[in-house]
Amino acid sequence: MTQTTKAKRERLSPPITNVGVIGWLKTNLFSTWYNSLLTVIIVAAMSWLIPPLVRWAFIDSLWNSSAEACRDIDGACWSVIPQNIKFIFLGFFPSGQEWRPVLAMALLLGLVIYSKDRSRWKKSLAWLWLINLIIMGTLMYGGVFGMPVVETSQWSGLPLTLLLSFFGMVVAYPLGVLLALGRRSKMPAIKTLCVVYIEMIRGVPLISLLFMSSIMFPLFLPEGITIDKVLRALIAIILFTAAYIAEVVRGGLQAMPRGQYEAADSLGLNYNQTMRLIILPQALKIVIPPTVGILLSAFKDTSLVVIIALYDVLKTTMVTLSNPDWTGYSTEAYIFLATLYFTFCYAMSSYSRKLEKDLHTGH
Amino acid sequence: MSNSANTAIAKPPFWRDAEKRAIFFQILALLSVGGISYYLFSNTQANLARQSIATGFSFLEREASFEIGESLISYSASDTYFRALLVGALNTLQVAFIGIILTTILGSVVGIARLSSNWLLSKVAAGFIELMQNIPILLQLFFWYAIFYESFPSPRQALNPMKGVFLCNRGLIFAVPESNPAYTAMGLAFIVVLIIGWFSNRWGHKRQELTGQPFPALRLTAAGAILIPLLIWVMYGSPTAMSIPELRGFNFSGGITVSPEFASLLLGLVLYTSAFVAEVVRAGIQSIGRGQIEAAMAIGLKPGQVLQLVIFPQALRVIIPPLTSQMLNLTKNSSLAVAIGYADFVAVANTTINQTGQAIEGVAMIMVVYLFFSLSTSLFMNWYNKRMALVER
């Protein structure tokens, strides 16, 4: 019965308005009257905004010219970047030694790309990171293998930004885990100390800690001992980030079912073994995505060291812009920096989303 | 072994006794924290004595002798440090208050736009969110500030997008109605209507629970809040006099001037935070199961009622906690005002520190003020969470 009707009827293709480009437009842009109105408004706004922007950024612009040539044009003067690229990226690093920060940054970038693959996440990778950071520090500071010493006051530009963020993250992470364990501890004194610390740090802006590091730390130390400025800022960033990591890790610890603790107890494991072998590996795994979020904001927050006059990549750009030749091109320079930050942060956040998907084993 | 299990268990040596060990560790922790604090404290005292820096808060009563660009209360350089800091705190509250309102509105709009069935709108919202979230807030502030200072013309060639509004490198200047007793009365009436509306809404809910008869409190309040002030305005003879900004010499007089510092701080904070708020709103709306909406429609609620009675109450429960923490972030980020020269609390405290040299008191005040904001917020949040917690039956 069914076969005969099927054979008789000719296969009808769907209406032309429901498939292909027209169908897509209909369902996605013009499904209702208000959606159509919105689409028209957005397209109109774009056609009003984008052409002058493109004209400013690409058609009327200069890409690598002298400052004088820029005075005569209406468009963007991107030349401010290539003409000052060395200072923006490396700042006051002594000339002739530029290969050192460049090599350090290349090592870091290489390791970041190498660590992307989750199958390489083993203990050896952690050691590799530690060794790499030590090599980076040595490259920057020098004093061995015939490399002249470069004081940290001369560290500036992109290497400073990267060092502050990566060293900050590497130290803040274990500290944050310890704080989270302390907050979950059954010992009232330790718990109180950790709670007070975490809540206090999370309650104040990073800038107050940076002020503290730049003007109060010197008062804390005995006479004659000084810690340099970069290290003090690094300490402030570490203290700040650790409190936020602690809260994220606490979330992971709280998500562990009681059965896990009880099973560990019944196996006769002590506290250290329980945490190291059972609880932390699972808890830290489920909080990887929010942890990446914290590290991301720590990376963005390193730009705040501008306020205590450290020469990170934002400050070197501002110094460039204070040069009378290049004053007035802030928009171009800041757009360049924004692109730089955006590329890194976007890569990191989309990686974290991918991780979240991969790690979601669905139970 | 089996024999000894029956006999009394031998007490473990004290270093294996969990309780005693806990006490030992806690004493150790307290001692080391106390010791470090004492060490730092004594160093600080020695340093302060050596550099002959005064301590204590007596400087608060001395003359500040620095000017502050903008303030909500009257202030001059001959006022005390205390008054200067008060001006700073009020400025912080002002930018945070306006910022929070604008951020909530913009964030909700973008969050809902992100979920729109319109592909173009959803993509534009997504682009906005990604762009704003991934650029440091400080860089954004500098960017907007630079736009104000470099791209906008001097007051003489001020942009005039519409009548009574001027944009130049002195800020945004716009016309406001000239002061008139009518506006005070209108404002009072508006507040009174809102209060009555709030009570009638509660009463309406109670009556609906008892009798099932709905009371359109929201609609009545909205109508009253618009119509009654309007009526008062007409009763006062509908005053229309405006204070229109005019170019006098090198600057504008009349109207209200929003300084470039304030404008760029507000713009940066609102754009940055609303991207995060948009994600919070989106997650909140998406957290509601389709079944809830279908069930609501199945019992015959209208789309508006579905939104008001089913989606909103549940989404708000998910949205409000992270939303508050974003608002707190906005308040904390407003401390970046110091970088572009808006006189917020941190900026004033920083100037105070530089003038008096009393760094410890200055930083302590900054921390206490912000801790006060965040602790009071978290107290409110605890109260709210308790009130809104799901009562499972």
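Residues numbered from 1 in each chain as written. Chains lettered and ligands numbered in written order. Predicted model: local features only at pLDDT ≥ 70, side-chain atom pairs only at ≥ 80, totals over all residues. Heavy atoms only, no water.

A. Expanded view of the overall build of chain A. For chain A, the helix and strand inventory stands at 16 helices and zero strands. The C-alpha radius of gyration computed for chain A amounts to 28 Å, which surpasses the reference 21 Å derived for 363 residues by more than 25%, pointing to a less compact arrangement than a globule. Principal-axis analysis of the C-alpha atoms places the extent of chain A at approximately 95 × 80 × 40 Å. Out of the 363 residues in chain A, the part that is buried amounts to 44%. (Helix = DSSP H or I, 4+ residues; strand = E, 2+ residues; numbered from the N terminus. Rg over C-alpha atoms; globule rule 2.2 N^0.38 Å. Buried < 20%, exposed > 50% of the residue type's maximum accessible area, 1.4 Å probe, protein only.)

B. Just unusual backbone geometry, in detail. Even without glycine at this site, Ala309(A) takes up a positive phi of about 60°. One can find Ala309(A) in the loop between helix H14 (288-301) and helix H15 (313-322).

C. Geometry of the packing of helix H10 (residues 206-220) of chain A against helix H11 (residues 229-255) of chain A. All names here are of chain A. At a closest axis distance of 9 Å, the pairing of H10 and H11 adopts a crossing angle of 140°. Considering the angle they form, H10 stands oblique to H11. Crossing geometry of H10 relative to H11 is assigned as right-handed. On H11, the residues touching Leu206, Leu209, Leu210, Ser213, Ser214, Phe217 and Pro218 of H10 are Arg232, Ala233, Ile235, Ala236 and Phe240. Of the residues that constitute the contact of H10 with H11, the class distribution is nine nonpolar, two polar and one charged. (Axes fitted to C-alpha atoms, helices over the stretch in contact; angles between N-to-C directions. Parallel < 35°, antiparallel > 145°, perpendicular 65-115°, else oblique. Left-handed = near helix turned anticlockwise from the far one by under 90°. Contact = heavy atoms within 4.5 Å. Nonpolar A, V, L, I, M, F, W, Y, C, P; charged D, E, K, R; others polar.)

D. How the structure looks around the sheet that holds strand S1 (residues 159-162) of chain B. Residue and element names in this part refer to chain B. Strand order in the open sheet made by the four strands is S1-S2-S3-S8, with antiparallel pairing throughout. Of all strands in the sheet, those bounded by a partner on one side alone are S1 and strand S8 (256-258). The sheet shows a mean angle of 20° between the axes of neighbouring strands, direction not considered. As defined by bridge partners, S1 adjoins strand S2 (residues 165-168) across two bridges and the pair is classed as antiparallel. In the sheet register, Met162 faces S2, and the bridge partner there is Val165. (Pairing = 2+ DSSP bridges.)

E. Structural view of the interface of chain B and chain A. Contacts between chain B and chain A engage 53 residues on the former and 58 residues on the latter. Buried surface at the junction of chain B and chain A, both sides included, amounts to about 4,600 Å², of which 74% is carbon and sulfur. It is Asn134(B), Leu139(B) and Met367(B) in chain B that bury the most area against chain A; as a group they hold 13% of the surface buried on that side. One can count one salt bridge joining chain B with chain A. Arg353(A) is paired through a salt bridge with Glu130(B); the nearest N and O atoms lie 3.1 Å apart. Here chain B and chain A share 13 residue pairs in polar contact (both at pLDDT 80 or more) between them. Breaking the side of chain B that touches chain A down by element, the ones donating at least two residues are helix H2 (18-50), helix H4 (119-133), helix H5 (137-151), helix H8 (260-286), helix H11 (337-340), helix H12 (345-356) and helix H13 (359-388) of chain B. Here the element with the most residues in the side of chain B that touches chain A is H2(B); it accounts for 13 residues. (Buried area = accessible area lost by both parts, 1.4 Å probe. Salt bridge = Lys/Arg side-chain N within 4 Å of Asp/Glu carboxyl O. Polar contact = N/O pair within 3.5 Å; in protein donor to acceptor, adjacent residues only side chain to side chain.)

F. Fine view of the environment of Gly293(A). Relative to the helices and strands, Gly293(A) is located in helix H14. The sequence separation of Gly293(A) and Cys345(A) amounts to 52 residues, and the corresponding C-alpha distance is 9.6 Å.

G. View of the packing of aromatic side chains. Going through the model one piece at a time under the given rule, you end up with 26 aromatic pairs over all chains. Judged by centre distance (5.1 Å) and plane angle (70°), the ring pair of Trp24(A) and Trp119(B) falls under edge-to-face. Of this pair, Trp24(A) sits in helix H2 (residues 20-28) while Trp119(B) is found in helix H4, placing the two residues in two different chains. The exposure class of Trp24(A) is partly exposed, given its relative accessible area of 36%. On the accessibility criterion, Trp119(B) (37% relative accessible area) is partly exposed. Between Phe380(B) and Trp383(B), the aromatic rings sit 5.8 Å apart at their centres with planes inclined by 35°, giving tilted as the arrangement. Taken together, the positions of Phe380(B) and Trp383(B), both in helix H13 and three residues apart, correspond to about one turn of that helix. Taking the relative accessible area as the measure of exposure, Phe380(B) reaches 40% and is therefore partly exposed. Among the aromatic residues, ring-to-ring pairing joins Phe87(A), Phe92(A) and Tyr311(A) into one connected group. Here the guanidinium or amino end of Arg202(A) rests over the ring plane of Tyr244(A), the centre of that ring lying 5.7 Å away. (Phe/Tyr/Trp six-rings, centres within 6.5 Å; stacked < 30°, edge-to-face > 60°. Lys NZ or Arg CZ within 6 Å of the ring centre and 35° of its normal.)

H. Looking closely at the domain arrangement of chain A. Residues and elements named next belong to chain A. On domain assignment, one finds that chain A holds domain 1 (94-149) and domain 2 (161-359). Placing the centre of domain 1 and that of domain 2 at their C-alpha centroids yields a distance of 20 Å. Residue-level contacts link 11 residues of domain 1 with 10 residues of domain 2. Counting across the interface, domain 1 meets domain 2 through zero salt bridges. Linking domain 1 with domain 2 are zero residue pairs in polar contact (both at pLDDT 80 or more). Per-element accounting of the side of domain 1 that touches domain 2 gives the leading share, four residues, to helix H7 (residues 123-141). Among the residues making up the side of domain 1 that touches domain 2, the classes are represented as eight nonpolar, one polar and two charged. (Domains from an automatic or database assignment.)

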